[in-house]
Amino acid sequence: MMIRSAVALCLLLLPESSLAFVAPRAGYTTRTNVLTQSTSDDINEPIRSIRDDDEEGTMNRRSFFVGSGLAAASALLLPNVALAEDSSIGSSKDHPIVVLGAGGKVGKLCTQILADSGKYVSATTRSGRDVFDGSSASPYVTFASADVTKLDSLEAALKGASGVIFAASASGKKKGGDPAHVDYLGVYNTAKACLAAGVPKLAVVSAGTVSRPDSAGFKATNFFVKYVYGEKVMDYKIAGESAMRDLYAGQSACGYTVVRPGGLNDKPSVGSSKVHVSQGDVYSSEISRTDVALVTVAALLKGKATDGTTFELNQVEGVGKAMDSLPTPPTELVHAGASTFDGLLDGLLTDAQLKSKYGDLINDSFKGSGIEPVTSLV
């Protein structure tokens, strides 16, 4: 199982292809807020949505996801009571959530989920293209250009943002960036731009086993990805995380969260009750990109409740230790069986708390092997 998960983890940076979603049906129907519906085991049941509120008043709109499995999955974010989301994030056209790397699979999914939740999104790519090719028009989505390897580009793209999702990944030097410039410099630049712009929350999609250089997942991902996108992708990912944390040290007005998924696949969401969240970088299995996007959005919208946190994300089925030699984490570091994706994130420890309480479990000292100073890449 560890070998299978290790190979699956390599899919994290494989070429992006079109998403297999069912096209929205024509016509307008009545909407319920997808962020306030409780979970359902049948995540592929179509949701016929949707009446949206915009700045002009109440208008009937076509659902972004009517007839798709993702529609039902996006409805599972938060329970119907005691909403944990920071309602200010993405609530205004003037202060949208910026998705960096919206042309990739996870970035596109995040954009769709946010828009169908009534959140305003600026979906960015290097070219600024419409990542849906005009097929999924939404009043909540605009498109803009942003290059994570260039700080001035990010400063312009993040101006006025109420939240940011970093879902960019290396695509090779000829296509826009190797791991050093995207996963390392790109995360550093994004953190720097977020802090300069006063963005309340940054969510970074990284990778599981990134702090375990002796694990099969770490080694296999580095080995396979180097032939497509460049050397040491896992080393540069952990280096990017570390550079970001250094920038956020001592900050109180702005926060971050790091999502570390296991091996990615394009299967439908398994539902929140079958998703495994943990801390300490011990566990690994596969996880669908849809579930990664749903949890990333939940972590962002949870606001300060997830500030300063890092967690791993896998499906319950097949989950196991990334290395047999790793100790079993205490129960407070494992979250599974929740009725909502938001609920999976209740009680996460901050990175500082993890280091204080479980310093022997985490590998906090590893920040990548043979990594050059980030300033040398500017």
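Here the structure is a predicted model, which is why all the values come from computation and not from measurement.

**Re the packing of helix H5 (residues 179-197) against helix H7 (residues 233-248)**
How two helices sit against one another is set out by the angle between their axes and by the gap between those axes. Two elements in contact, H5 and H7, have axes separated by 8 Å at closest approach and are oriented at 15°. It follows that H5 is roughly parallel to H7 by the angle criterion. The crossing of H5 and H7 is right-handed. In this structure, H5 contributes Pro179, Ala180, Asp183, Tyr184, Val187, Tyr188, Ala191, Lys192, Cys194 and Leu195 to the contact, and H7 contributes Val233, Tyr236, Lys237, Ala239, Gly240, Ala243, Met244, Leu247 and Tyr248. Partitioned by chemical class, the residues of the contact of H5 with H7 number 15 nonpolar, one polar and three charged.

**As for the pairing of strand S4 (residues 121-125)**
For S4, a buried count of five out of five residues is recorded, marking the element as mostly surrounded by other parts of the structure. Where burial is concerned, the two faces of S4 agree: the one with Val121, Ala123 and Thr125 and the one with Ser122 and Thr124 are both buried. Here four bridges tie strand S3 (residues 97-100) to S4, and the two strands are oriented parallel to one another. Bridge assignment links Val98 to a residue of S4, and that residue is Ser122. Following the chain from S3 across helix H3 (residues 105-116) to the adjacent parallel S4, one finds a crossover that is right-handed.

**Notes on the nonpolar core**
Ranked by internal contacts, the top residues of the largest apolar core, which has 42 residues, are Leu114, Ile165, Val277, Phe311, Leu313 and Leu345. Those elements that place two or more of their residues in this core are S3, H3, S4, strand S7 (201-205), strand S10 (275-278), helix H8 (289-301) and strand S13 (309-315). If we ignore the near neighbours within four places in the chain, the residues touching Val277 are Phe311, Glu312, Leu313, Leu333, Val334, His335, Leu344, Leu345 and Leu348. Core analysis: the next-biggest nonpolar cluster, separate from the first, contains 24 residues, Leu100, Ala161, Val164 and Phe166 among them.

**Concerning the environment of Ile362**
Tracing the backbone through its elements, the reader meets Ile362 in the segment after helix H9 (351-357). Expressed as a C-alpha distance, the spacing of Ile362 and Pro329, which sit 33 residues apart in the sequence, is 9.7 Å. Filtering out sequence-adjacent residues up to four positions away, Ile362 remains in contact with Arg212, Gly280, Leu354 and Lys355.

**Describing the sheet that holds strand S5 (residues 141-145)**
Ordered in space as S5-S4-S3-S6-S7-S8-S13-S10-S15, the nine strands form an open sheet in which the pairing is mixed. Because the sheet does not close on itself, it has two edges, and the strands there are S5 and strand S15 (334-336). Between one strand axis and the next, the sheet turns by 20° as a mean value, whatever way the strands run. Those strands touched by H5 are S3, strand S6 (163-166) and S7, and its axis lies near 180° from that of S6. On top of the sheet, H8 reaches S3, S6, S7, strand S8 (255-261), S10 and S13; it is set at about 160° to S7, its chief contact.

**A few points about the side chain of Glu241**
Looking at where Glu241 falls in the secondary structure, it is placed in helix H7. Classification of Glu241 as buried rests on a relative accessible area of 2%. In this structure the side chain of Glu241 is engaged in a polar contact, spanning 2.7 Å, whose partner is the side chain of Arg260. With residues near it in sequence (within four places) discarded, Glu241 still touches Ser206, Val210, Val258 and Arg260.

**Structural notes on H8**
Think of an α-helix as turning once every 3.6 residues; residues three or four places apart then point the same way. Here H8 spans 18 Å end to end across 13 residues, near enough to the 18 Å set by a 1.5 Å rise per residue. For H8, a buried count of 13 out of 13 residues is recorded, marking the element as mostly surrounded by other parts of the structure. Immediately downstream of H8, the backbone of Gly303 shows phi near 65°, a positive value.

**Structural notes on the pattern of salt bridges**
Scanning all chains against the criterion turns up 14 salt bridges. Its salt-bridge partner being Lys105, residue Asp266 comes within 2.7 Å of it at the nearest N-O pair. Taken together, the residues span a long stretch of sequence, with Asp266 in the loop between strand S9 (263-265) and S10 and Lys105 in helix H3 at a distance of 161 residues. Put simply, Asp266 and Arg289 hold a salt bridge, and the shortest N to O gap is 2.9 Å. Taken together, the positions of Asp266 in the loop between S9 and S10 and Arg289 in helix H8 put the pair 23 residues apart, joining distant regions of the chain. We classify Arg289 as buried; its relative accessible area is 6%. Beyond isolated ion pairs, a larger network of salt bridges with shared partners links Glu241, Arg245, Arg260, Asp281, Glu312 and Asp351.

Rules and cut-offs
- Residues numbered from 1 in each chain as written.
- Predicted model: local features only at pLDDT ≥ 70, side-chain atom pairs only at ≥ 80, totals over all residues.
- Heavy atoms only, no water.
- Axes fitted to C-alpha atoms, helices over the stretch in contact; angles between N-to-C directions.
- Helix = DSSP H or I, 4+ residues; strand = E, 2+ residues; numbered from the N terminus.
- Parallel < 35°, antiparallel > 145°, perpendicular 65-115°, else oblique.
- Left-handed = near helix turned anticlockwise from the far one by under 90°.
- Contact = heavy atoms within 4.5 Å.
- Nonpolar A, V, L, I, M, F, W, Y, C, P; charged D, E, K, R; others polar.
- Buried < 20%, exposed > 50% of the residue type's maximum accessible area, 1.4 Å probe, protein only.
- Pairing = 2+ DSSP bridges.
- Right-handed = clockwise from strand over helix to strand, strands pointing away.
- Core = buried A, V, L, I, M, F, W, Y, C linked by side-chain atoms within 4.5 Å.
- Polar contact = N/O pair within 3.5 Å; in protein donor to acceptor, adjacent residues only side chain to side chain.
- Expected span 1.5 Å × (residues − 1).
- Salt bridge = Lys/Arg side-chain N within 4 Å of Asp/Glu carboxyl O.

Function cannot be read off these values alone, since they describe shape.
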